[in-house]
Amino acid sequence: MDHYAAKIAAGDADAFARLYEKLYRLVYAVALGILGDCHAAEDLTQDTFLAVWQQSAEFRGEGYKKWILTIARNKALNYRKKEARTEAVDPLEHPELFGTTDADTHTDRMVLDTALRRLDSQDRQILLMKNAGMKMKEIATLLQIPRGTASWRYARAMEQLRLWLAEDYPL
Amino acid sequence: MKRWLLERRLRRELKAAAKPDFQALADRAGLRRQKKLPLCRRPAFRTAVAAFCLLAVCLTVALPLLLPGDGGVPTGTPSAGYLLFDINPSCSIAYDANGRVTSAVGLNRDGEILLSGADLIGKTYEEASEFLFARCLDLGYFSPARQDNAVLLSATTDDGSADLTVRNDVEQTLYQQFSNSHMFGVVITSVDDPALSQAAEAYGISVQKYMLIQQYLQLGGTLDTSRYASIPIRDLYTGISALEEQSRKQLATQLEYQTKQLFERIAEDIEDIIEGIDDHLEELEEALGLEDRWETVEDLLDELEDIAERIEDANTASECEQILSLVRDGLAGLRPILPSALKASLSEALTALDDSALLLRDYDTTTETVEEAYQKRAQSNWDMTPVEGEMSEEWRDSQILHFSQAWYQLKSDWDDDRDHDFDDWFDDMLEDLFDE
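Residues numbered from 1 in each chain as written. Chains lettered and ligands numbered in written order. Predicted model: local features only at pLDDT ≥ 70, side-chain atom pairs only at ≥ 80, totals over all residues.

A word on the overall build of chain A
Where we set the bar: Strands are runs of DSSP state E lasting at least 2 residues, helices are runs of H or I lasting at least 4, and numbering of each runs from the N terminus. Put plainly, a residue is buried at 20 or more neighbouring C-beta atoms within 10 Å of its own, exposed at 12 or fewer, and partly exposed in between, counting only other residues' C-beta atoms, which are placed from the backbone. Contact criterion: two residues are in contact if their C-beta atoms, reconstructed from the backbone, are within 7 Å.
Counting its regular elements, chain A contains 9 helices and 0 strands. Counting from the amino terminus, chain A carries its helices and strands in the arrangement α-α-α-α-α-α-α-α-α. Taken across its 171 residues, chain A has 43% of its residues classed as buried. Sequence-distant contacts, at least 24 apart, represent 64% of the contacts inside chain A between residues at least 6 apart.

Concerning the environment of D278 of chain B
Residue and element names in this part refer to chain B. On the secondary structure map, D278 appears in helix α9 (residues 233-288). When the C-alpha atoms of D278 and E295 are compared, they prove to be 9.9 Å apart, with 17 residues separating the residues in sequence. Ignoring any residue separated from it by four or fewer positions in sequence, one finds D278 in contact with E298 and L301.

Some details on the nonpolar core
For clarity, the cut-off: What makes a nonpolar core is a set of buried Ala, Val, Leu, Ile, Met, Phe, Trp, Tyr and Cys residues, with links drawn between C-beta atoms within 7 Å.
V27, A29, V30 and A31 of chain A are the most contacted members of the largest nonpolar core, which has 53 residues in total. For this core, the element with the most residues is helix α2 (residues 13-35) of chain A, which contributes 15 residues.

Some words on the interface of chain B and chain A
Note the cut-off: All amino acids are sorted into three groups, where Ala, Val, Leu, Ile, Met, Phe, Trp, Tyr, Cys and Pro are nonpolar, Asp, Glu, Lys and Arg are charged, and the leftover types, Gly among them, are polar.
On the chain A side, the residues contacting the 28 residues of chain B number 31 residues. Looking at the side of chain B that touches chain A, the element that brings in the most residues is helix α1 (residues 3-17) of chain B, giving 10 residues. Across the side of chain B that touches chain A, the residue classes break down as 13 nonpolar, 1 polar and 14 charged.

Some words on the sheet that holds strand β2 (residues 90-95) of chain B
Residue and element names in this part refer to chain B. Where we set the bar: Paired strands, as defined in this entry, are two strands with at least two bridges between them according to DSSP. Fitting a line to C-alpha atoms yields each axis, with helices limited to the stretch in contact; the angle taken between N-to-C directions then spans 0 to 180 degrees.
The mixed open sheet is built from 5 strands, whose spatial order is β3-β2-β1-β4-β5. A strand with exactly one partner marks an edge of an open sheet, and here the two such strands are β3 (101-106) and β5 (185-188). Recorded for the sheet is a direction-independent mean angle of 20° between the axes of neighbouring strands. Of the strand pairs in this sheet, strand β1 (residues 81-86) and strand β4 (residues 149-157) are connected by 6 bridges, and their pairing is antiparallel. In the sheet register, F85 faces β4, and the bridge partner there is L153. Helix α5 (residues 125-139) rests against β1, β2 and β3 of the sheet, and its axis sits at about 165° to β2. On the sheet, helix α6 (residues 164-180) packs against β1, β4 and β5 and is oriented at approximately 160° with respect to β4.

Shape descriptors only; they carry no functional weight alone.
What follows is the structure, given as C-alpha cells:
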C-alpha cells in the first residue's frame, strides 16, 4: 500500500479513489470503534481521507496504511474529547443516529448495534477493526497494547457479544 | 450462534453500515479524476514464514512422568495398606481390611503399562500378585534364562508401619510363582541403599514411604518433616496424583496458548501472502489499464483469505493443517488463470504454505499427544469434560462446498472470457493509452 503515497502526493485522484475504496471500511471501523456513533464515524472517515489527500506529501518511509489509521484514530479521539461523548448512544433510544428508524433494519444490524451499545471502548475498537479486515498485530500496534492482550480481549468480546445476543434476541 | 457465524454476520453488518461516498469527498477536496495511463513497475513481494521454538524435547522427557495411564485413582473404599512392587516397573496395590484390592496404580510409565487393562479391584492381594507376576513374565521383565530376576517388595499399613503379615503372604506367593515357572528369582523385602535406609530411619519411617515423600516434594508439594511419620500413605498418593495432574494441566494450558499463538501467526502470514497477490493483481490491472479484469480472481482470493482466518479458531495442529491444505489447493488452482507476471509470486506463496505445513507436522505430535492424554484421562475416573472445538466436520464440508462453488463459477467465467473478441479488447486498451 505504500506505493499509493507517492501517487497521491503527486495529485493522482484515481489512485486516491482506489485507496479510498480499499480502506474506507477499515477507517470507518476505527472511527466507529472509538465514537460508537455511525453518523459521526461517517463524517470522521471523510475528514480522515481529506487529511490524507492534503498531507500525503508529508508522509515518509513505510507504513502508509498505519499512518492513515493513526490519523483516523487521533481525529476520533480528539472528536470524542471535544464532544465529551464517552458512552455509546443506545440505538433503541436514538435510532435516528444509527441511520434508520425502521425496526426491521435495526434488527438486521443487531450484532453491530449490540457491540456498539454494550462493549467498552477498547473492546469495541478491537472487535470492529478485526472484522473490518485488520490483522491482530496491526491492531495491537495501533492501540499500543501487547498482541496477546489484543487477542484475548477480542475472544472475550466475541463471547460477551454471543451471550448478550442470546439475551436480547432470544429465538 | 457459533463464533465464525457471528463474525460473518458482524462483517456483513459493518459493510452495510459503512457507506463510502467518494463523490462527496471529491467535491469537498476539489478533486478531478484523470484518465488512466499505463505504468510499468514491479513491487516487492513479502513472504513471512513462522519460526517457533518447540518444547518437544522437554515434553518427550516430561510427558511419560506426567501421564498416568490406566489404573486410575483410589476408590471410595478405605484402604488398610499398600503393597509396593518394584521390579522397575513399579506398582502400588492398595488393599482393604479383608485383603481385597481397592486400587492399583502404576508408579512409573512401565508400571502403567504393566497394569494397563487390568481389572484387579475386588481381587485378593495374592491374586493381584500372581497377575503382576504373569504380566512381568509376558513382557519380559522376568525370564527363565536370567539369573537376576528380582522384585523389591514392601507392604505398609495406612499409618506407615510395615504390614509384615501381608508382606510375608505375598513373598510366599511370588516365590511359588518363580518355582512354578522354573525360574530363579529373589524377593527383596528391604532396600539395601544405606543412605536411603539411614534417612528413612531418622524419620522413623520405611524406605518406601521416604521415597514417596521425596517424590511428593520433587513435584512441588510441601510437607513439614514433623509430619513424615504421621502422614498416611493414602494422603501421599493423593497429593502426588493431584500435583501430577496440576503439572499436566499447566503444561497443557501453556501448550494450548503457544499453539494458539502459532496458529494466529500462520493465519496472519497466509493472509499477508494472499493480500500480496491481490495487491499485485490490482497493480497489474492498473498498469495494463484493465480495471476489474481479474475481479473474479480477486473475489476468490477474498474467499481464501476468509478460510485462512479460520486457522485462528483451530483447536489442533491437524485442523490447522486441513485448512492450510484447503487454502493451498485453492491458490494452486489459480495458476492456469493468473497472469504470467504473478506466477512467480504464486510459487513463492505455495512454498511458504508448504513450510507452514511442515512446521505444523512437527508440532502435531506434541499437541495431539497432550490432547489425547487429556481425553483419555477425562474418560477414566477424572471428572473432566473434553473441550469441543467449533471446527466440526460439518463446517469443514460446508467450507469446501462453498469454495468449490466459487471455483467452478470462476472457471465458467474464464471460459466465457476466452470467447471474448480479444481484438476489441486490445483496441480499447490502445484507445485508452493514446487518448488525452
